[in-house]
Amino acid sequence: TQSATLLASGLVLIAGGHDGTSRVVASAELYDPSTGKFSPTGSMAQVRGMQSATALADGRVFVLGGVDNSSVSLASAELYDPSTGKFSPTGSIAVGRYSHTATLLSDGGVLITGGVSDSGVDASAVLWRP
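Predicted model only: the values in this text are computed from it and were never measured.

Student: Help me understand the sheet that holds strand 10 (residues 110-113), please; the structure alone is not making it clear to me.
Tutor: Strand pairing in a sheet takes place through backbone hydrogen bonds and is either antiparallel or parallel in direction. The sheet built from three strands is open, its strands ordered 9-10-13 with antiparallel pairing. The sheet is open, and its two borders are formed by strand 9 (101-104) and strand 13 (125-128), each paired with just one other strand. The sheet shows a mean angle of 20° between the axes of neighbouring strands, taken without regard to direction. Across four bridges, strand 10 lies against strand 13 in antiparallel orientation. If you follow leucine 111 over to strand 13, its bridge partner there is leucine 127.

Student: What exactly am I supposed to notice about the packing of aromatic side chains here?
Tutor: Ring pairs (aromatic) are described by centroid distance and by the angle formed between their planes. Evaluation of the coordinates by the stated rule reveals three aromatic pairs. Measuring from centroid to centroid gives 3.9 Å for phenylalanine 62 and tryptophan 128, while their planes differ by 20°, and the two rings are stacked. Of this pair, phenylalanine 62 sits in strand 6 (residues 61-64) while tryptophan 128 is found in strand 13, placing the two residues 66 residues apart along the sequence. Its relative accessible area of 12% is what places tryptophan 128 among the buried residues. Measuring from ring centre to ring centre gives 4.8 Å for tyrosine 80 and phenylalanine 87, while their planes differ by 50°; the resulting arrangement is tilted. The two residues tyrosine 80 and phenylalanine 87 agree in class, both being buried.

The rules we used
- Residues numbered from 1 in each chain as written.
- Predicted model: local features only at pLDDT ≥ 70, side-chain atom pairs only at ≥ 80, totals over all residues.
- Heavy atoms only, no water.
- Pairing = 2+ DSSP bridges.
- Helix = DSSP H or I, 4+ residues; strand = E, 2+ residues; numbered from the N terminus.
- Axes fitted to C-alpha atoms, helices over the stretch in contact; angles between N-to-C directions.
- Phe/Tyr/Trp six-rings, centres within 6.5 Å; stacked < 30°, edge-to-face > 60°.
- Buried < 20%, exposed > 50% of the residue type's maximum accessible area, 1.4 Å probe, protein only.

Right under this line is the structure:
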């Protein structure tokens, strides 16, 4: 499953997911709801499916976790900058997870909770700060 994140510009960033087969991809594109058209943007540094993507107050998007093509849960994170159309790596969490929630907090941090890790359901919570 890909992520879809509303950007401040009104465009929607669609990132990762499956390519119609069981293959996970790193590609991303922008959807313009006013025209119904898609346009390419930069690709993520890593393939990801079932990741979270959270719009930050500064306009960037924080993408975390997911699974790769071997169904291994990912601990890495990336930031998408809509002004450049590029993703860049940014830290990681201790245990990879997918199908988790990521909630923007009023202080700019992101609270990551739940999901699934390689060892099963993960009930832990992690705080990421930009």
